[in-house]
Amino acid sequence: MKETSTSGPKSQRYSGTYGASVSDEELKRRVAEELALEQAKKESENQKRLKQGKELDGEKTLTNEQLTRAILRERISNEEERAKAKHLAKQLEEKDRVIKKQDAFYKEQLARLEERVRLFLSSEFYKVTTEQYQKAAEEVEAKFKRYECHPVCADLQAQILQCYRQNTQQTLSCSALASQYMRCVNQAKQKDHLRSLT
């Protein structure tokens, strides 16, 4: 670089790369401005980082609070379920105790009734009661006609069962037989209904 002196006590002129001359003070001023700009940029970046850190800390705190609340809710729910389970267990124990007590009572009552029945049914009384029962049964049979039932469409039913056994994986192949069976049953129902009307 070339130095040229000017009329001031310390003011020196420098010629730059492009041929322009710059004074010492102006150079210091530019350097100071650039340093100030650089410092301002660093401070701005630091403030952004601090702001982001605070935001992250806030989010972290909020997340931790939400997690803590969720854990507390879960613990409370678990405690409530445990208490409910204990209460139900006590209720079951009480019911079991009551049932055992009732069972013992009924067994005792049954034993007493059996003893009374045994004493009550002497041989003479048994004969009379048996005769009366036989007579009443004969009277009832004489008054009421016995209802006899016969299987309806038994041959088709047997064919369907055989078809299902032979075609366990292809039951739809028995659908024609099943349709015939249903028609036969419906016809039998209609005949029975007509008979009951006459």
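Each value, and the rule that gives it
- Residues numbered from 1 in each chain as written.
- Predicted model: local features only at pLDDT ≥ 70, side-chain atom pairs only at ≥ 80, totals over all residues.
- Heavy atoms only, no water.
- Helix = DSSP H or I, 4+ residues; strand = E, 2+ residues; numbered from the N terminus.
- Buried < 20%, exposed > 50% of the residue type's maximum accessible area, 1.4 Å probe, protein only.
- Contact = heavy atoms within 4.5 Å.
- Areas by Shrake-Rupley, 256 points an atom, 1.4 Å probe, with all protein chains shown as cover.
- Polar contact = N/O pair within 3.5 Å; in protein donor to acceptor, adjacent residues only side chain to side chain.
- Phe/Tyr/Trp six-rings, centres within 6.5 Å; stacked < 30°, edge-to-face > 60°.
- Salt bridge = Lys/Arg side-chain N within 4 Å of Asp/Glu carboxyl O.
- Disulfide = S-S within 2.5 Å.

- The name given to the chain in an unreviewed UniProt entry is MICOS complex subunit MIC19 isoform X5, with Camelus bactrianus as the source organism.

### Some remarks on the overall build of the chain
So, step 1. For the chain, the helix and strand inventory stands at 4 helices and 3 strands.
So, step 2. For the chain, the N- to C-terminal ordering of α and β elements is β-β-β-α-α-α-α.
So, step 3. Among the 198 residues that make up the chain, the fraction classed as buried is 5%.
So, step 4. Across the chain, every contact between residues at least 6 apart in sequence was considered, and the portion connecting residues at least 24 apart equals 24%.
So, step 5. Put simply, the chain shows about 18900 Å² of open surface, and 55% of that area lies on carbon and sulfur atoms.

### Some words on the side chain of Ser23
So, step 1. Along the chain, Ser23 falls in strand β3 (residues 21-23).
So, step 2. By relative accessible area, Ser23 is classed as buried at 17%.
So, step 3. Of the polar contacts made by the side chain of Ser23, one reaches the backbone nitrogen of Glu26; its length is 3.2 Å.

### Considering the packing of aromatic side chains
So, step 1. What the rule picks out here adds up to 1 aromatic pair.
So, step 2. Where Phe105 meets Tyr106, the ring centres are 5.5 Å apart and the plane angle is 65 degrees; that geometry is what we call edge-to-face.
So, step 3. Judged by relative accessible area, Phe105 falls into the partly exposed class, the value being 43%.

### Describing unusual backbone geometry
So, step 1. Phi angles above zero are rare outside glycine, and Cys153 is one such case at about 55 degrees.
So, step 2. Within the element layout of this structure, Cys153 appears in the loop between α2 (123-143) and α3 (154-166).

### Describing the pattern of salt bridges
So, step 1. Summed over all chains, the structure comprises 9 salt bridges.
So, step 2. Across the pair Arg30 and Glu26 runs a salt bridge, and its minimum N-O distance is 2.8 Å. Linking Arg30 with Glu26, this pair stays in helix α1 (residues 24-120), spanning 4 residues, or about one helical turn.
So, step 3. The class for Arg30 is partly exposed, based on a relative accessible area of 39%.
So, step 4. The class of Glu26 is partly exposed, set by a relative accessible area of 26%.

### Here we look at the state of the cysteines
A covalent bond between the sulfur atoms of two cysteines is what we call a disulfide.
So, step 1. A full pass over the atoms with the stated rule returns 2 disulfides.
So, step 2. Here Cys153 is linked by a disulfide to Cys184, with a sulfur-sulfur distance of 1.7 Å. Every disulfide takes its handedness from the sign of the S-S torsion; for Cys153 and Cys184 that torsion is -95 degrees, giving left-handed. Taken together, the residues Cys153 in the loop between α2 and α3 and Cys184 in helix α4 (residues 175-197) connect sequence positions 31 residues apart.
So, step 3. Residue classification places Cys153 among the buried residues on the basis of a relative accessible area of 9%.
So, step 4. The class for Cys184 is partly exposed, based on a relative accessible area of 23%.

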